[in-house]
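Coordinates in review
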Amino acid sequence: MFIALVSLDKNTVQWTLQYLSREHNFTQLELESQVPKERGGQRFDTHTQMIEYATQHWQSNLVTTSLHSCTCSDVDTFLRRPFTLLVALESSIENIKKSLTQQLPPSTPALDLAAFLRWFDGAYRAQRDTLSRAQLNIYNGHETEDAFVDVLREANIVDEQRIRPSWDTYFMELADLASQRSNCMKRRVGAVLTQDKRVVSTGYNGTPKGLLNCADGGCKRCNSGVEMGFAECLCLHAEENALLEAGRGRIGECAVLYCNTCPCLGCAVKIVQTGISQVVYNHGYRVDQKTLELFRNAGVVLRHTPMKRRAPSDKSTTDEECDDSDEIAQNQDQDDNSSQATLSESDLAPAEGGGDHSGSGIKSSTIKTASIPLNSPSLNQLATSLGLLITHSDIDVNDVIVKSECLPNKHKQQHAHPSVCHHWLRDSAAAGRILPIALYVLDDYNPNNSEDGSDDLPPNPQSKNACFRIHPLNSPNEHLVHALRILKQDRVARDERWNALAYSRAAAMVKSFPHRIRSKDDIRLQLSYDSNDTVHTKNIGEKKIRAKIEEYLNYGRISEAETIQNSPSHKLYNALCSIQGIGPRRAYELSRTGASSLGELVERGSITQEDVTLAQHLELGIPRTEVSSIAGVVMENARTLLPHPTHAICGGYRRGKSESNDIDILITHHGYTLQQMNEFLANLARRLQDMGFLTKLMRQLSLSDGHSDKHDYQSTLLGVVASSSKYGTTDSAQVTFRRVDIIVCHPHSFHLEVLAWTGSVMYERDLRAFVKRRNLKLNASSVYNEHTNNEVDLSGIRSERHLLAFLHLPWIAPENRNCD
DNA sequence: AGGCCTACG
DNA sequence: CGTA
DNA sequence: GCCT
């Protein structure tokens, strides 16, 4: 790339040149006539020569300062090339004056104010046209080079996006452009509907055709100063206009809607119904929890993309906007009317605290997220006194994540646990800027940060691998999935392993469909709106499973599945499988011994009554509140043995299921070795057993006998705990037994463990199958090369999301991994 | 035709 | 073979 | 049973 620096402040220019050559290996090109020789750089006689040279070498990093007093047409010649970037370095008057003074020969008398102003006026007038064309403005309000270099690093001048926008940026700017056409008196909103990277339609908000424009009084509600009901508003939203403009027939399977503002609930409903697969927004808007849930459940991806091409100016000059990403559990927006119209910037201002919060407006390309264990000494009391766990509803965890743009300034750069004051934390929680860690474990990975190497990969609904697809939490095709699962179970029982796998895969595929499947055309994936090209749905073969699904669509049932389900032996088989220690093989044998019920088998002595009773307990779903309270008991005891542990509740709970089968708790600790963690787990197990909470250890830990040096501890504990749904009850009839898995791990492999223990099975399976194609082998605790056996160092992995990007996999929200 | 996730007990 |  |  070829960068031209323009500025009134020579010192700032010099600092920037040095920074660019030092940290990004830039070569300086200058015009003989413009820049004194002693400034260095490769010399040219004319603009044309310099630009031609740059064209030949456009792939290297080049910089010039010779454009500052060029004519407009020279600047335009420069800007026409596709590899150029004009950067304006603005500076405080103080800095400019200092630079000027330093340039003057030592003999000159001190510069008086009037003389300085005359010089400034002239210099500014000469550069005004050039400055106004700059694609990036950087402001230097600092006195020292070091401080300014930090600003330069933050600005990330070398970001290729400014030179050539990504697709996201491209469409988002089009959406912004569309919004300029808006005549709504409340707010400008624009949307662009795309399909296969082509624009299908655009829209902006305003009154419908034939009515007076909103700005001309067409909509009473928007023009009146007083609050009126949203029902009074006649304005169509930009999203609606874009959808209406496109029409139903032109919206295919992979349509993406770009909105410069996050859609309201009303639009979200329409977006889901028209079959849009992804929504990308720019401006943070109070994302209603219901909107978020709606998109999640419907399998519509909601992404946030910042406008990278916008100049990240100095922090203190930026307005404040909280770039909430879609994963933030926002407060419910009480005011339905507020939709697109009444958002005030102050609503988004950060919670006060820590003094100066002028930095909170930094662009999201620099946002980092910090995890703050509330049990760290500085925050421990805060957490309890705040009742933060109550603030954050059903998730009962002790760690929270605070996005750092919401942190008080002094903590911005720190990775260590910051301390924040009481009311700051409370207000941030109330404003929805604190995330429950159970869902987003240490997720300080920001895919928009170019330092993180690569952006998130997009999900691929057509992939045969479940780890590329989005599976709505609640499938609209539940019955079909159920029928396929019965066929799967039957194949397992018959020991037809691979046939069973195929049915599992088919069911997972069906689970990834965001819409109810009504006809056989629905199970083909449309390639694009303007052709009839369809692709065959992976994992649903042309011969067998396809026929079964068509049978289901025609008759509402699959006869084979009905038969299996109604057969007594199948019922017994299922019941047997749910007993701990009895798998498909034994269940198959027992179910064909002529017995008709579990009771009969107990009488025969084939199975025990205890096993049956326990199975009945464990079969009951566990509500989320109980999962978190059981995890709470475990962690409470864990803390007496291990100060400040890091933990995550994984499994179905993390996948957002309303009821879990068991409780999966993953624990680690910074600075502990795996062996120390294993010893801790053994102690925890003993403690929980002693207090009568853990009633059964299903995988016996081999505890050290104290004589030998050999420790073979386990890092996984599988057990059963007695849980009372009624708090404090002593009535044994109220006790339900629940499965608990406690896993400890090395801190470096924490995120990998989270990934592994979150599931679902099909997701994990396809994940491993996929990385295997790149010779990587992946298990719960390590990634290594299959051939060389070299282990991949994961100590730099900052989050599960970062890990997935590292593995070249898209980040699928845990709630959308429910594929089996 | 050959593979289908991986590891542990 | 059973289990995560 | 389905994919490569």
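Residues numbered from 1 in each chain as written. Chains lettered and ligands numbered in written order. Predicted model: local features only at pLDDT ≥ 70, side-chain atom pairs only at ≥ 80, totals over all residues. Heavy atoms only, no water.

As named in an unreviewed UniProt entry, chain A is Deoxycytidylate deaminase, taken from Wallemia ichthyophaga. Under Cofactor (unreviewed entry), UniProt gives the following word-for-word description of chain A: "Zn(2+)". In its Sequence similarities (unreviewed entry) section, the UniProt entry covering chain A states "Belongs to the cytidine and deoxycytidylate deaminase family." (UniProt positions renumbered as here; feature names shortened; annotations may be inferred.)

A few words now on the sheet that holds strand β18 (residues 646-649). Read across the sheet, five strands follow the order β18-β20-β23-β22-β21 without closing on themselves; strand pairing throughout is mixed. Every interior strand has two partners, whereas the edge strands, β18 and β21 (694-697), have only one. The average undirected angle you get between the axes of adjacent strands in this sheet is 30 degrees. Of the pairings in the sheet, the one linking strand β20 (residues 662-668) to strand β23 (residues 735-744) comprises six bridges and is parallel in character. Residue pairing in the sheet places I663 in a bridge with V740 of β23. Contacts between helix α22 (residues 609-619) and the sheet are confined to β21, β22 (716-724) and β23, with β23 contributing the most and set at about 75 degrees to the helix. The sheet contacts of helix α23 (residues 624-641) involve β18, β20, β22 and β23, and relative to β20 the element is tilted by about 35 degrees. (Pairing = 2+ DSSP bridges. Helix = DSSP H or I, 4+ residues; strand = E, 2+ residues; numbered from the N terminus. Axes fitted to C-alpha atoms, helices over the stretch in contact; angles between N-to-C directions. Contact = heavy atoms within 4.5 Å.)

Of note, C184 is situated in the loop between α7 (167-179) and β7 (190-195). Separated by 30 residues in the primary sequence, C184 and C214 place their C-alpha atoms 5.1 Å from one another. Ignoring sequence-local partners within four residues, the contact set of C184 consists of N205, C214, C222 and C235.

This part takes up the protein's contact with DNA strand C. Lining the immediate surroundings of DNA strand C are I579, Q580, G581, I582, G583, P584, R585, R586, L718, R739, D741 and W757. By atom count, sugar and phosphate contribute 100% of the portion of DNA strand C lying within 4 Å of the protein. One of the backbone N or O atoms of I582 is found 3.3 Å from a phosphate oxygen in DNA strand C. With respect to DNA strand C, the side chain of D741 contributes an N or O atom lying 2.8 Å from a sugar or linking oxygen. Of all the secondary structure elements, the ones that give two or more residues to the surface near DNA strand C are α20 (584-591) and β23. (Near = heavy atom within 4 Å. Polar contact = N/O pair within 3.5 Å; in protein donor to acceptor, adjacent residues only side chain to side chain.)

This part covers unusual backbone geometry. Note: most residues except glycine have negative phi, and most peptide bonds are trans. Here G759 and S760 are connected by a cis peptide whose omega angle stands at 0 degrees. For S760, the position within the fold is in the loop between α26 (750-758) and α27 (761-772). Here the phi dihedral of N25 falls at roughly 60 degrees; this positive angle occurs in a residue that is not glycine. Inspection of the secondary structure puts N25 in the loop between α1 (10-24) and β2 (27-31). Despite not being glycine, N775 has its phi angle at roughly 65 degrees, a positive value. Mapped onto the fold, N775 is located in the loop between α27 and β24 (776-778).

Neighbouring residues of DNA strand B: W498, L501, R505, Q714, R765, R768, A769, K772, K777, N779 and Y784. Here the atoms of DNA strand B within 4 Å of the protein split so that 56% fall in sugar or phosphate, with bases taking the remainder. Taking R505, its side chain carries an N or O atom lying 3.2 Å from a phosphate oxygen of DNA strand B. Separating a phosphate oxygen of DNA strand B from a side-chain N or O atom of Q714 is a distance of 3.1 Å. Sorting the residues of the surface near DNA strand B by element identifies α16 (497-511) and α27 as the ones contributing at least two each.

Attention now goes to the pairing of strand β9 (residues 255-261). Counting buried residues in β9 gives seven out of seven residues, a clear majority hidden from the surface. Across five bridges, β7 lies against β9 in antiparallel orientation. The partner of L193 across the bridge, within β9, is L257. With five bridges connecting them, β9 and strand β10 (residues 278-283) associate as parallel partners. Paired with L257 across the two strands is V279, which belongs to β10. Crossover β9 to β10 through helix α10 (residues 265-274) is right-handed. (Buried < 20%, exposed > 50% of the residue type's maximum accessible area, 1.4 Å probe, protein only. Right-handed = clockwise from strand over helix to strand, strands pointing away.)

Our focus in this paragraph is the sheet that holds β2. Read from one edge of the open sheet, six strands run β3-β2-β4-β1-β5-β6, paired in parallel fashion. Whereas interior strands pair on both sides, the edge strands pair on one side only; in this sheet they are β3 (42-44) and β6 (136-140). Looking at each pair of strands side by side, their axes are set apart by 30 degrees on average, direction ignored. In terms of strand pairing, strand β5 (residues 84-91) meets β6 through five bridges, oriented parallel. Directly across from A88, in β6, lies its bridge partner N137.

Packing of α1 against helix α6 (residues 145-155) brings their axes to within 10 Å, and their N-to-C directions diverge by 60 degrees. For the element pair α1 / α6, the angle class is oblique. When you trace α1 past α6, the crossing you get is right-handed. Contacts between α1 and α6 pair T12, W15, T16, Q18, Y19, R22 and E23 from the former with E145, F148, V149, L152 and R153 from the latter. (Parallel < 35°, antiparallel > 145°, perpendicular 65-115°, else oblique. Left-handed = near helix turned anticlockwise from the far one by under 90°.)

Per the UniProt record, "active site" (unreviewed entry) is found at K548. With respect to the secondary-structure elements, K548 resides in helix α17 (residues 544-555). When its relative accessible area of 17% is taken as the criterion, K548 is described as buried. Contacts of K548, omitting those with residues within four sequence positions, involve L487, R491, Y503, I558 and E560.

In this structure the tally under the stated criterion is 23 salt bridges. With a closest N to O distance of 3.1 Å, D150 and R153 form a salt bridge. One end of the pair, D150, and the other, R153, are both in helix α6, three residues apart, so they sit about a helical turn from each other. Its relative accessible area of 47% is what places D150 among the partly exposed residues. Of the charged contacts, one joins E800 and R654 as a salt bridge, the two residues approaching to 2.8 Å between their closest N and O atoms. Taken together, the residues E800 in helix α28 (residues 800-806) and R654 in helix α24 (residues 651-654) connect sequence positions 146 residues apart. We classify R654 as buried; its relative accessible area is 0%. (Salt bridge = Lys/Arg side-chain N within 4 Å of Asp/Glu carboxyl O.)

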